[in-house]
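# Overview (structure and organization)
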Amino acid sequence: DRPGKDSFQHRSAGATEVLVVSGNRWALMHELRGAPEPPLPVLLGKLSDVDLVLIEGFKRERFPKLEIYRAENGKPLLHPQDRWIVAVASDSPLPDASVPVVDLNDIDAVADLLLAQAIPVERVKERADAV
């Protein structure tokens, strides 16, 4: 969706939802228009049945997380303060880490870690509801 496209104009004119369809994909865009971001369980409920959901963001949610750490960004690690971070994928060694650390560029190790720590979507919903 970009300026000049009908879907962009519809959203700009105030449409709450716009469905974009092509021969390769479709996407439903829902404008919040100042409303709060929906909780993660609500968003997960909108997905089709899939084998695996990778969630980016939602740092304060209660589900197992893989922290991505790049030393060059200069930001502190999150894992010491977030008990839901179960491992770190890093571009540099982290000898003081209290969770497993894998090389950010080792795709097989990252994939293995994600699969080992994956939980059913229903458990993510239950944990969010328990807060």
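Up top you'll find the structure we're talking about.
Here's a quick rundown of the structure.

### Things to note about the pattern of salt bridges
Applying the stated criterion to the full structure yields two salt bridges. One salt bridge connects R11 with E31, and the closest N-O pair in it is separated by 2.4 Å. Residue R11 is found in helix 1 (residues 6–12), and its partner E31 is found in the loop between strand 2 (26–30) and helix 2 (40–44); the two are separated by 20 residues along the sequence. Across the pair K65 and D82 runs a salt bridge whose closest N-O atoms are separated by 2.8 Å. Within this pair, whereas K65 is found in strand 3 (residues 65–69), its partner D82 is found in the loop between strand 3 and strand 4 (85–90), the two being separated by 17 residues in sequence. D82 gets classed as buried once you look at its relative accessible area, which sits at 17%.

### Looking at the sheet that holds strand 3
Here three strands make up an open sheet; going across it, the order is 3-4-5 and the pairing parallel. A strand with exactly one partner marks an edge of an open sheet, and here the two such strands are strand 3 and strand 5 (101–103). The mean angle between the axes of side-by-side strands here comes to 30 degrees, regardless of whether they run parallel or antiparallel. Relative to strand 4, strand 3 runs parallel, the two being bridged by five bridges. When the bridges of strand 4 are listed, L66 appears paired with A87.

Criteria and cut-off values
- Residues numbered from 1 in each chain as written.
- Predicted model: local features only at pLDDT ≥ 70, side-chain atom pairs only at ≥ 80, totals over all residues.
- Heavy atoms only, no water.
- Salt bridge = Lys/Arg side-chain N within 4 Å of Asp/Glu carboxyl O.
- Helix = DSSP H or I, 4+ residues; strand = E, 2+ residues; numbered from the N terminus.
- Buried < 20%, exposed > 50% of the residue type's maximum accessible area, 1.4 Å probe, protein only.
- Pairing = 2+ DSSP bridges.
- Axes fitted to C-alpha atoms, helices over the stretch in contact; angles between N-to-C directions.

None of the figures reported here should be taken as evidence of function without further support.
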